[in-house]
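Coordinates in review
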Amino acid sequence: MLDINKYSIGATAALITSMGLIAGLTQGDNAKAGIITGLLIIAVADNIADSFSIHVYKESQGASRRDSASATFGNFAVRLCIVLTFVVIVLLCPSYIAFIVSTIWGMVLLAVLSLLLSRQKATCPLRQVSWHLLVALLVIAGSKLLGNVILRLVAHS
């Protein structure tokens with residue numbers, strides 16, 4: 001059986017960060033190249049930093065080398081795979097469509113992850129899924145707003 005706890009941190013971070021980045025960068029002439037570059041930086045640099053942080057945390061908690069390594073590489077692999085699905089969406093769709101498709105894709109994956117966590121913890125699925133989707137929507141809206149403000153400021157400078 002898949003231990004969702006090992007992958008939930010990386011999966012959640014990859015989903016929400018990817019949706020936020022795409023939402024914030026879908027404006028402008030070079031949106032597609034900028035979005036793909038940003039996603040690949042998240043897939044590699046941010047992912048390494050996050051995975052290493054998990055490794056250090058596990059070590060500080062006294063986890064075995066095997067458990068620390070499993071958490072580190074599991075987090076890295078999950079984040080990489082999820083972010084690459086968003087790269088494929090951006091490659092295949094025009095920017096404005098990629099924003100819509102990636103938001104739907106990310107929200108569906110986040111809802112499934114939240115449902116699995118809810119079942120594992122025996123908590124109210126509706127509450128858990130709703131809360132997680134609300135947080136994701138706030139990140140998406142904030143990123144979209146920030147992208148619009150920056151585009152306007154740069155366009156007028």
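Residues numbered from 1 in each chain as written. Predicted model: local features only at pLDDT ≥ 70, side-chain atom pairs only at ≥ 80, totals over all residues. Heavy atoms only, no water.

**Comments concerning unusual backbone geometry**
Keep this limit in mind: Runs of E in the DSSP output that reach at least two residues are strands. Runs of H or I that reach at least four are helices, and both are numbered from the N terminus.
With a phi angle near 55 degrees, alanine 122 is a residue other than glycine that sits in the positive phi range. Position of alanine 122 relative to the elements: it lies in the loop between helix H4 (95-121) and helix H5 (125-155).

**Concerning the side chain of serine 118**
Let me state the cut-off plainly: The cut-offs for exposure are 20% and 50% of the maximum accessible area for each residue type, with area from a 1.4 Å probe on protein chains only; residues under the lower value are buried, those over the upper are exposed, and the others partly exposed. Working rule for contacts: check all heavy atoms of both residues, and any pair within 4.5 Å makes them a contact.
By the secondary structure assignment, serine 118 is in helix H4. Accessibility expressed as a relative area gives 1% for serine 118, which makes it buried. Ignoring anything within four residues of it in the chain, the contact list for serine 118 reads Thr123, Cys124, Pro125 and Gln128.

**Regarding the pattern of salt bridges**
Side-chain pairing between opposite charges can occur once the charged atoms of the two side chains come close. The cut-off we apply is this: The term salt bridge refers to a side-chain nitrogen of Lys or Arg lying within 4 Å of a carboxyl oxygen of Asp or Glu.
Tallying each qualifying case throughout the model produces three salt bridges. Among the charged side chains, a network of salt bridges with common partners joins Asp46, Asp50 and Arg79.

**Things to note about helix H1 (residues 4-25)**
Heads up, the rule is: By this rule, a helix spans an expected 1.5 Å times one less than how many residues it contains. To get the bend at any residue, fit one axis to the seven residues that end at it and another to the seven that begin at it, then take the angle between the two axes.
Over its 22 residues, H1 runs 31 Å from end to end, which matches the ideal 32 Å to within 8%, given 1.5 Å per residue. The largest bend in H1 comes to about 25 degrees, at glycine 10.

**Quick notes on the nonpolar core**
Quick reminder of the rule: Each nonpolar core is a collection of buried residues, namely Ala, Val, Leu, Ile, Met, Phe, Trp, Tyr and Cys, held together in the definition by side-chain atoms within 4.5 Å.
Core analysis: the biggest nonpolar cluster contains 31 residues, and Met19, Ile22, Ile35, Leu39, Ile82, Phe86 and Val90 have the highest contact counts within it. Those elements that provide at least two residues to this core are H1, helix H2 (31-60), helix H3 (65-92), H4 and H5. Considering every element that reaches this core, the biggest residue donor is H1, with nine residues. Setting aside chain neighbours within four positions, we find phenylalanine 86 in contact with Leu15, Ser18, Met19, Ile22, Leu39, Ser102, Trp105 and Gly106.

**A short note on the packing of H3 against H4**
What counts here: Here, axes are lines fitted to C-alpha atoms. For helices the fit covers the stretch in contact, and angles between N-to-C directions go from 0 to 180 degrees. By definition in this entry, angles of less than 35 degrees are roughly parallel, angles greater than 145 are roughly antiparallel, angles of 65 to 115 are roughly perpendicular, and the rest are oblique. Two helices cross in a left-handed way if the nearer one is turned anticlockwise from the farther one by less than a right angle. They cross in a right-handed way if the turn is clockwise.
The interhelical angle for the contact between H3 and H4, taken along N-to-C directions, is 155 degrees, at an axis separation of 9 Å. Put simply, H3 runs roughly antiparallel to H4. Remark: the crossing between H3 and H4 carries right-handed chirality. Only Ala98, Val101, Ser102, Trp105 and Gly106 of H4 make contact with H3, whose side of the interface consists of Thr85, Phe86, Ile89 and Val90.

**Thoughts on the confidence of the model for the chain**
Note the following rule: Known as pLDDT, the predictor's confidence for each residue is given on a scale from 0 to 100.
Residue-level pLDDT values for the chain average 91, and 96% of them are 70 or greater. Across the chain, H4 holds the top mean pLDDT of 94, while H1 sits lowest at 90.

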